[in-house]
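Next come the chains, spelled out residue by residue.
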Amino acid sequence: MELATRYVYKIYEKKSFSVAAQELFISQPALSATVARLEKDLGFRIFDRSTVPLSLTPEGRIYVDYLEELLESERIMQRRLKQLSDLTYGNLSIGGSSYISYHVLPYICKEFYRRYPGITLEFDLGNMGDANNLSNKLHQHELDLVFTYSDPSEDSYCIPLLRERLIIAMRRSVPGAEALKDFAIPGERILSGNYSSDMEIEDLSVLSKIPFLCFEKGSLTQKRFEEMMEGNYASFPYTIHNARHSVVHYNMMRVGLGALFTIDLLISSADATSNDFLYFVPKSPLSYRTLYLRCAKEAEQTPIIKRFLEVATEVCASDLWRHKN
């Protein structure tokens, strides 16, 4: 950014020529003359000098907005240049809103810190409100990486980390659950993945009268559940808004408040060996989903991001993170 425009922004911040001149270590007449020349070149006045404190003209407001965009671009450039170092220092911001990302992230971070202890990591977890909140932050360069279930898009770079199996879990005390016990798969087999495809349920209409704890309307999990059930299901009369953490839903299922469409990772060893719970695996392509790690397309070769992607891939390919809660 040119010197004159930096002067303008300092004046805008301080709302005063004299205070800005002091902080810029130049005389007020010299500062005023520099701004006057710039205004002449632009063809409009940036500041309304008749107000106290100093204010912007309508044209000046547009000009300062433009300067702020330039400053943000400079910050992004400087950040990326720092990341071209030898990875002895730098920053990385990561977003996630799914339970599995919460679960696997500590293991990825442990290994990343072992290799690159000088890198600072920041986390934006929870994703309350708009379901696209984290993706928007990625596109606006507020985040470097995001864990997501969304399919890869042309304007970003994704690597697949994990393929999850979605299951249905319920307490035996749920009305109608006991009649379905012959379709259930033992919890230990769910955890180990040691079951055959003929144990999976192809006709999910047998579950249509079971009340399900539903996720927020419009969420990816709820859409997948509704499509798999073909809309033929009963809903438990409780709704959880702005709670994307699956543990809340799982714990409600654990106390008997309906069945749940969930992931096997949430099942504890104690639950798996208990006779109080029933587990079912849908025989459907929709019962699988992939967790991706996404970054901006132009950032995939940035050294810090590239190394984090490598570590994440290695950790998720191992079984070390799959300890049970």
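Scroll up a little and you will see the structure.
If you're wondering where the values come from, they're calculated on a predicted model, not measured in any experiment.

Q: I'd love a proper account of the environment of Leu309, names of residues and values included.
A: Residue position: Leu309 is located in helix α11 (residues 303-317). With a relative accessible area of 6%, Leu309 lands in the buried category. Sequence spacing of Leu309 and Ile108 is 201 residues, and the spatial spacing of their C-alpha atoms is 9.5 Å. With residues near it in sequence (within four places) discarded, Leu309 still touches Leu145, Tyr157, Ile159 and Leu293.

Q: Got a sec to walk through empty space enclosed by the protein? Specific residues and values, please.
A: Per the counting criterion, the structure on display carries one cavity of 30 Å³ or more. Roughly 50 Å³ of volume is contained in the largest cavity. Taken together, Leu166, Phe215, Thr221, Ser246, Phe261, Thr262, Ile263, Leu266 and Arg289 form the lining of the largest cavity. Looking at which element gives the most residues to the lining of the largest cavity, the answer is strand β9 (residues 260-263), with three residues. Among the residues forming the lining of the largest cavity, the class breakdown is five nonpolar, three polar and one charged.

Q: Can you tell me about helix α9 (residues 246-254), naming the residues and giving the values?
A: Taken together, the buried positions of α9 are occupied by Ser246, His249, Tyr250 and Met253. Looking straight down α9, one finds that the buried residues subtend no more than 100° of arc, so they occupy a single side. Each element contacted by the buried residues of α9 is listed here: α5 (99-115), β6 (156-171), β9, α10 (269-273) and β10 (277-280). A positive phi of about 100° marks Gly256, the residue just after α9.

Q: Account for unusual backbone geometry, with residues named and values stated.
A: For the bond from Val52 to Pro53, the omega torsion is 0°, close enough to zero to count as cis. Unlike most non-glycine residues, Phe25 shows phi in positive territory, near 60°. Among the structural elements, Phe25 can be located in the loop between α2 (17-24) and α3 (28-42).

Q: How would you explain the packing of aromatic side chains if you had to name every residue and give the values?
A: All told, the structure shown has 10 aromatic pairs when counted by the stated rule. Where Tyr9 meets Tyr12, the ring centres are 5.5 Å apart and the plane angle is 50°; that geometry is what we call tilted. Of this pair, Tyr9 and Tyr12 both sit in helix α1 (residues 3-14), separated by three residues, roughly a single helical turn. In this structure Tyr9 comes out as buried when scored by relative accessible area, which is 15%. Note on Tyr12: relative accessible area 17%, which makes it buried. Geometrically, the ring pair formed by Phe17 and Phe47 is edge-to-face, given 5.7 Å between the ring centres and 75° between the ring planes. Of the two residues, Phe17 is situated in helix α2 and Phe47 in strand β1 (residues 47-48); the sequence distance between them amounts to 30 residues.

Q: Explain the nonpolar core to me, and be specific about the residues and the numbers.
A: Core analysis: the biggest nonpolar cluster contains 72 residues, and Ile108, Leu145, Phe147, Met170, Phe212, Leu293 and Phe308 have the highest contact counts within it. Here Met170 is in contact with Ala177, Leu207, Ile210, Met253, Ala259, Asp276, Phe277, Leu278 and Phe280, once residues within four sequence places are set aside. Formed by 20 residues, the second largest nonpolar core is a distinct cluster that contains Ile11, Phe17, Ala20 and Val35.

Q: Before we move on, can you summarise α11 with the specific residues and values?
A: Its 15 residues give α11 an end-to-end C-alpha distance of 21 Å, which sits within 8% of 21 Å, the value for a rise of 1.5 Å per residue. When α11 is considered as a whole, its buried residues turn out to be Pro303, Ile304, Ile305, Phe308, Leu309, Val311, Ala312, Val315 and Cys316. Those residues of α11 hidden inside the fold are in contact with β3 (90-96), α5, β4 (119-125), β5 (145-148), β6 and β11 (288-296).

Q: Mind laying out a negative patch on the surface, listing which residues take part and the relevant values?
A: A surface patch of negative charge is lined by Glu202, Asp203, Glu227 and Glu230. As for its position among the elements, Glu230 is in the loop between α8 (220-229) and β8 (234-235). According to the relative accessible area criterion, Glu230 is exposed, its value standing at 71%.

What counts and what doesn't
- For every chain, the first residue of the written sequence is number 1, and numbering continues from 1 along that sequence.
- Only residues with pLDDT of 70 or above have their local features reported here, since the model is predicted, and side-chain atom pairs are shown and tallied only from 80 upward, although totals for entire chains, interfaces and linings are computed over all residues.
- With hydrogens and water excluded, all non-hydrogen atoms of the structure serve as input to the side-chain values.
- Every helix listed is a DSSP run of H or I at least four residues long, and every strand listed is a run of E at least two residues long, numbered separately from the N terminus.
- Between buried and exposed lies partly exposed: a residue is buried under 20% and exposed over 50% of the maximum accessible area for its type, with that area taken using a 1.4 Å probe on protein chains only.
- What makes two residues a contact is simply this: any of their non-hydrogen atoms within 4.5 Å.
- With a 1 Å grid spanning the protein atoms alone, the term cavity applies to any set of points in which a 1.4 Å probe fits but cannot get out, the term pocket to an open set with protein on both sides within 12 Å along at least five of seven lines, and the term lining residue to any residue with an atom within 4 Å of a point.
- Grid points are joined across faces, edges and corners, and a volume is the space filled by probe spheres set on the points.
- Polar here means any residue other than Ala, Val, Leu, Ile, Met, Phe, Trp, Tyr, Cys and Pro, which are nonpolar, and Asp, Glu, Lys and Arg, which are charged; Gly is therefore polar.
- Arc definition: it is the arc formed by the directions from the helix axis to the C-beta atoms.
- Note on aromatic pairs: the rings of Phe, Tyr and Trp (six-membered ring only in Trp) are paired at centre separations within 6.5 Å, and the planes decide the class, stacked below 30 degrees, edge-to-face beyond 60, tilted for the rest.
- Residues belong to one nonpolar core when they are buried, are Ala, Val, Leu, Ile, Met, Phe, Trp, Tyr or Cys, and are joined through side-chain atoms within 4.5 Å.
- Residue count minus one, scaled by 1.5 Å, sets the expected span of a helix.
- Residues enter patches when they are more than 30% accessible in relative terms and free of salt bridges; like-charged ones are connected within 9 Å and nonpolar ones (Val, Leu, Ile, Met, Phe, Trp, Tyr) within 5 Å.
- Residue burial considers only the protein chains on display, and all accessible areas are found by Shrake-Rupley using a 1.4 Å probe.
- A pair is scored as a salt bridge if a Lys or Arg side-chain nitrogen falls within 4 Å of a carboxyl oxygen belonging to Asp or Glu.
- His residues and chain termini do not enter the charge count, which takes Lys and Arg as positive and Asp and Glu as negative.
- Lysine's charge is taken at NZ, arginine's at CZ, aspartate's at CG and glutamate's at CD.

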